[in-house]
Amino acid sequence: MSKASPYFKNLNRDLIFVTIEQKVSEFIESDPEIKEVLNFGVGDVAFPIKPHIQQALHDAIDDVGTHVRGYGPSTGQAFLKKAIIDSEYGKYGIKPSEIFISDGIMSDASSIIHLFDESTRIAIPDPTYPVYLDACVLSGRTSSLKKGYYPEIVYLPCDESTNFVPKPPKKKCDLVFLCSPNNPTGCALTKEELEVWIEYAHKHDAIIVLDAAYEAFIHTENTPKSIYEIPNARNVAIELRSFSKTAGFSGLRLSYAVIPDKVKVSAGKEHVSLNKYWTTRQNVTFNGPSYIIQKAGAASLTKQGKEETQNDIKIYLECGTRLKQAISDQGFECFGGLNSPYLWWKCPESMTSWDFFDYLLHKHGMVTIPGCGFGPRGKGFIRMSSFTTEEKTEKAIERIKQIKI
Ligand code: PLP
């Protein structure tokens, strides 16, 4: 009989979304009179694709009906790379060959690990988006959990003790995942905080992978949207960006990785560009995202596309600000939300993340996500997403005002 990979057994993560779904449907079934349940759990967009992008999708469909558009380049279409450089990365001197178009950060963040030797020491924020850790586990970089932690991973605490900012560890690490603005804490790293990481990477010959899925939400001064705003980052950092939250593409699937030529890894006696390895990886395992979706991505980067998508982001940020104010007015501590669509709501002392989740669901009909699903240091918090409408925000504020613990 074929043998299964032994590493799946090490993936001992709470299947949190399954549990949440079950709890919500049990709650709804328990009482047919239940008023509307407001879902602030999912971190997914609340508005449809904007008109300018929709038009580009229609045009691209007409185009594939009149022209043969077979396989495209596996690293992405030249027109989209040009749009990305013109709109985002030209100012940092990034070239088209340093941009790799993909079908989602999820894919890239989970594949990047395969470019590194098994001895690579990996640092990951705690709490954060779970894919970096899960990919390490599934690729056999860890043994089983010990007291909630994998001993092989260097965890970077992102809790109140660090003001939610991941700090460089004393240990030398080779590969560091950062997420800014971070999901779930909503913390976006300042220029100085990123500089410290670039310094660390140079000192230790480490590579930083910055997940910038929520960069479009950054609007405060001194908070870079790209790590390449930091001098010398191009030698040590790669950046992952997505159209999912920036332009509402979570269902269309489009993203890109920026991997500068200067980022090197050692291969025996040689120093090899990571860009070359990733080019090979894309050529042998990926045929590029759909032509139609790449056309839509390019439309989202035009002046009109940006105006339309930025308007949605403005609404999400405003909803977040209003919800956070309502939560604070009730006497709770609530973090994030400033440069991010996520509020990080501290549970009352007497409650765990799951207790508070249950309380908000059963007493106030609101769905959130228990913080423990994002890492051990997420315990004692819940994540509330502001990917929502103004109407639902108003309803939620009325319910928050009723909370009495
Ligand atoms: N990175 C972070 C931090 C996320 O929160 C998410 C989705 O929630 C993703 C990446 C997934 O991005 P994509 O839709 O491009 O796969």
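Look up a bit, the structure's there.
Just so it is clear, the structure is predicted and the values come from calculations on it, not from any experiment.

Enquirer: Outline the overall build of the protein, listing residues and values.
Expert: Helix and strand counts for the protein stand at 12 helices and 15 strands. Projected onto its principal axes, the C-alpha positions of the protein cover 60 × 55 × 55 Å. A burial count over the protein gives 54% of its 405 residues as buried. Considering only residue pairs separated by 6 or more positions, the protein has 74% of its internal contacts joining residues 24 or more positions apart. Here the protein contributes 47 positive and 49 negative side-chain charges, whose respective centroids are spaced 5 Å apart.

Enquirer: Describe the nonpolar core, listing the residues and the values that go with them.
Expert: Tyr89, Ile99, Val176, Ile208, Ile227, Tyr228 and Leu274 are the most contacted members of the largest nonpolar core, which has 92 residues in total. Here the element with the most residues in this core is helix H5 (residues 131-138); it accounts for six residues. One finds Leu38, Ala326, Leu360 and Ile403 within the second-largest nonpolar core, a separate group that totals 21 residues.

Enquirer: Explain the packing of helix H2 (residues 51-66) against helix H10 (residues 303-329) residue by residue, including any values.
Expert: For the pair H2 and H10, the least separation of the axes is 8 Å and the interaxial angle reads 130°. By the criterion of interaxial angle, the relationship of H2 to H10 is oblique. Within the contact between the two elements, H2 uses Pro51, His52 and Ile53 and H10 uses Gln304, Gly305, Glu308 and Thr309. The residue makeup of the contact of H2 with H10, split by class, is two nonpolar, four polar and one charged.

Enquirer: Go over the site of the ligand, please, and point to the residues and values.
Expert: Taken together, 13 residues lie around the ligand, and Asn183, Asp211, Tyr214, Ser242 and Ser244 are the ones closest in. In the environment of the ligand, an oxygen atom lies 2.7 Å from a nitrogen or oxygen atom belonging to the side chain of Ser242. Comparing atom positions with the cavity grids shows the ligand to sit within the largest pocket. Counting only elements with at least two residues in the shell around the ligand, the list comes to helix H4 (105-111) and helix H7 (244-247). Grouping the constituent residues of the shell around the ligand by class yields six nonpolar, four polar and three charged.

Basis of the calculations
- Residues numbered from 1 in each chain as written.
- Predicted model: local features only at pLDDT ≥ 70, side-chain atom pairs only at ≥ 80, totals over all residues.
- Heavy atoms only, no water.
- Helix = DSSP H or I, 4+ residues; strand = E, 2+ residues; numbered from the N terminus.
- Buried < 20%, exposed > 50% of the residue type's maximum accessible area, 1.4 Å probe, protein only.
- Contact = heavy atoms within 4.5 Å.
- Lys, Arg positive; Asp, Glu negative; His and termini not counted.
- Charge placed at Lys NZ, Arg CZ, Asp CG, Glu CD.
- Core = buried A, V, L, I, M, F, W, Y, C linked by side-chain atoms within 4.5 Å.
- Axes fitted to C-alpha atoms, helices over the stretch in contact; angles between N-to-C directions.
- Parallel < 35°, antiparallel > 145°, perpendicular 65-115°, else oblique.
- Nonpolar A, V, L, I, M, F, W, Y, C, P; charged D, E, K, R; others polar.
- Near = heavy atom within 4 Å.
- Polar contact = N/O pair within 3.5 Å; in protein donor to acceptor, adjacent residues only side chain to side chain.
- 1 Å grid on protein atoms, 1.4 Å probe; cavity = no way out; pocket = protein on both sides within 12 Å on 5 of 7 lines; lining within 4 Å.
- Sits in = over half its atoms within 2 Å of the grid points.

None of this, on its own, says anything about what the molecule does.
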